[in-house]
Amino acid sequence: MAYSIDRYPSADSPRLGAMTLSPVAESVPRARRWFRKFIAPYNPACSIDDCVLMISELVTNAIVYGRADETWTVRVAWYRVETALRVEVHNPGFPANVRMRQPDAGDAHGRGLLLVDSIADSWHSGPSRFGGTVVSFTMADAWSPDEVFGPVLF
């Protein structure tokens, strides 16, 4: 498992952090913990709990639906885009397979994107710049337009 944190985000480099995860079930709680830990110093106004729930759903989907002939990983990255927080989850797999389902009440699965759609201000899926698929969500107004990021110290 690996993660990286950008300590000096700016308009030229808006990424606040990223992690690379193995496609195993244990990576889902790890993604939740790491995101919660590394976004906290930026003090976003949006609900971190909501973001953690959506990350959990998207990482689970990436693990379940990602496909590759060789060893692969799930990548999660989060960015400040003006006043919004954007989170991306990348995995190998065919982008056209991402779709919202309409599960029956008794179905045990199929609600992940419905949750993302109901919580996030917007979401998107398509081809990943790493190959495969990216699914991202945006939380608008995560920061005040006047708030400037400085160095983050841990």
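Whatever comes next refers back to the structure up there.
The structure presented is a predicted model; accordingly, all values stated were derived computationally and were not measured.

Novice: Got a minute to help me understand helix α2 (residues 48-65) in this structure?
Specialist: Residue pairs three or four apart in sequence face the same way in an α-helix, which turns once every 3.6 residues. For α2, with 18 residues, the first-to-last C-alpha span of 25 Å sits near the 26 Å given by 1.5 Å per residue. Taken together, the buried positions of α2 are Ile48, Cys51, Val52, Met54, Ile55, Ser56, Leu58, Val59, Ala62 and Ile63. Each element contacted by the buried residues of α2 is listed here: β2 (15-21), α1 (27-39), β3 (74-81), β4 (84-91), α3 (112-119) and β6 (133-139). N-cap assignment for α2: the residue whose side-chain oxygen lies 3.4 Å from the backbone N of Asp49 is Ser47.

Novice: Could you clarify how one ought to interpret the pairing of strand β5 (residues 122-127) in this entry?
Specialist: Here is the key point about a regular strand: its side chains alternate between the two faces of the sheet. Bridge count for β5 against β6 is six bridges, and the pairing is antiparallel. Considered in β6, the bridge of His124 is made with Ser136. The antiparallel hairpin formed by β5 and β6 contains five residues in its connecting segment, where Gly131 sits at a positive phi of about 90°.

Novice: What exactly am I supposed to notice about the packing of aromatic side chains here?
Specialist: Any aromatic ring pair is given by two values, namely how distant the centres are and how the planes are angled relative to each other. Evaluation of the coordinates by the stated rule reveals one aromatic pair. Geometrically, the ring pair formed by Phe35 and Trp78 is edge-to-face, given 5.2 Å between the ring centres and 80° between the ring planes. Here Phe35, found in helix α1, pairs with Trp78, found in strand β3; they are 43 residues apart in sequence, far enough to count as distant. A relative accessible area of 1% means that Phe35 is categorised as buried. Classification of Trp78 by relative accessible area gives buried; the value is 0%. For Arg75, the ring lying beneath its charged end belongs to Phe130, and the centroid distance is 3.9 Å. Sitting above the plane of the Tyr79 ring, Arg86 keeps its charged end 4.5 Å from the centroid.

Novice: Would you mind showing me how to read the pairing of β3 here?
Specialist: With respect to burial, β3 is a largely interior element, six of its eight residues being buried. Where β3 and β4 come together, seven bridges link them in antiparallel fashion. From the neighbouring strand, Ala77 faces β4, where its bridge partner is Glu88. Taking the residues between adjacent antiparallel strands as the criterion, β3 and β4 are bridged by two residues, where Glu82 takes a positive phi near 55°.

Analysis parameters
Residues numbered from 1 in each chain as written. Predicted model: local features only at pLDDT ≥ 70, side-chain atom pairs only at ≥ 80, totals over all residues. Heavy atoms only, no water. Helix = DSSP H or I, 4+ residues; strand = E, 2+ residues; numbered from the N terminus. Expected span 1.5 Å × (residues − 1). Buried < 20%, exposed > 50% of the residue type's maximum accessible area, 1.4 Å probe, protein only. Contact = heavy atoms within 4.5 Å. Polar contact = N/O pair within 3.5 Å; in protein donor to acceptor, adjacent residues only side chain to side chain. Pairing = 2+ DSSP bridges. Phe/Tyr/Trp six-rings, centres within 6.5 Å; stacked < 30°, edge-to-face > 60°. Lys NZ or Arg CZ within 6 Å of the ring centre and 35° of its normal.

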